[in-house]
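The chain contents come next:
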Amino acid sequence: MSERISREELVKIYNIEITFFDELVDSGLLNIQTENEIRYLMYEDLPNFEKFTNWHYDLDINLPGLEVIHEMLKKMEVLKQRNRELMNRLSVIGNKYEEG
């Protein structure tokens, strides 16, 4: 089983409101597992949780803002990957042209 941490532990460790955690889950920004009515966050999702918590509490960004920023960053990653793929293809085409 993957490592995980309960919602209650996160609230204590990060000193956040439990409603904020629940709002992140309800909005789809965090995926959780529930076992015996205890909500758990997987350790692999902890960086996203920390990022959202910092943005919300340190930068005062509300939940809709978090959703927008998260979606924009995901789209940027897709565009970066696509750009790398296109640059690699262009490099291959350029090499064939120089050889030919």
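Given the structure is predicted, the values throughout are model-derived calculations rather than measurements.

1. Here's the deal with unusual backbone geometry
Even without being a glycine, N15 presents a positive backbone phi close to 55°. Examined against the element boundaries, N15 turns out to sit in the loop between helix 1 (7-14) and helix 2 (18-26). Accessibility expressed as a relative area gives 68% for N15, which makes it exposed. At N36, a residue that is not glycine, the phi angle is positive and equals roughly 55°. For N36, the position within the fold is in the loop between strand 2 (32-35) and strand 3 (38-42).

2. A short note on the environment of I18
Along the chain, the position of I18 falls in helix 2. In this structure, the C-alpha to C-alpha distance between I18 and E8, residues 10 residues apart in sequence, is 7.6 Å. With near-sequence residues (within four places) excluded, I18 lies in contact with R7, E8 and V11.

3. Looking at the packing of helix 2 against helix 3 (residues 46-59)
Between helix 2 and helix 3, whose axes approach to 12 Å, the crossing angle comes to 120°. One way to sum up the angle between helix 2 and helix 3 is to call them oblique. Viewed along their axes, helix 2 and helix 3 form a crossing whose handedness is right-handed. Residues F20, F21 and L24 of helix 2 form the contact with helix 3, whose participating residues are F49, F52, T53, H56 and Y57. The residue inventory of the contact of helix 2 with helix 3, partitioned by class, reads six nonpolar, two polar and no charged.

4. What to know about the pattern of salt bridges
Across all of its chains, the model carries seven salt bridges by this definition. We note a salt bridge from R7 to E8, for which the minimum N-O separation is 3.3 Å. Residue class for R7 comes out buried when judged on its relative accessible area of 15%. Judged by relative accessible area, E8 falls into the partly exposed class, the value being 35%. Here E71 makes a salt bridge to K74, at a shortest N to O gap of 3.1 Å.

Conventions adopted
- Residues numbered from 1 in each chain as written.
- Predicted model: local features only at pLDDT ≥ 70, side-chain atom pairs only at ≥ 80, totals over all residues.
- Heavy atoms only, no water.
- Helix = DSSP H or I, 4+ residues; strand = E, 2+ residues; numbered from the N terminus.
- Buried < 20%, exposed > 50% of the residue type's maximum accessible area, 1.4 Å probe, protein only.
- Contact = heavy atoms within 4.5 Å.
- Axes fitted to C-alpha atoms, helices over the stretch in contact; angles between N-to-C directions.
- Parallel < 35°, antiparallel > 145°, perpendicular 65-115°, else oblique.
- Left-handed = near helix turned anticlockwise from the far one by under 90°.
- Nonpolar A, V, L, I, M, F, W, Y, C, P; charged D, E, K, R; others polar.
- Salt bridge = Lys/Arg side-chain N within 4 Å of Asp/Glu carboxyl O.

That's the geometry; what it means functionally is another story.
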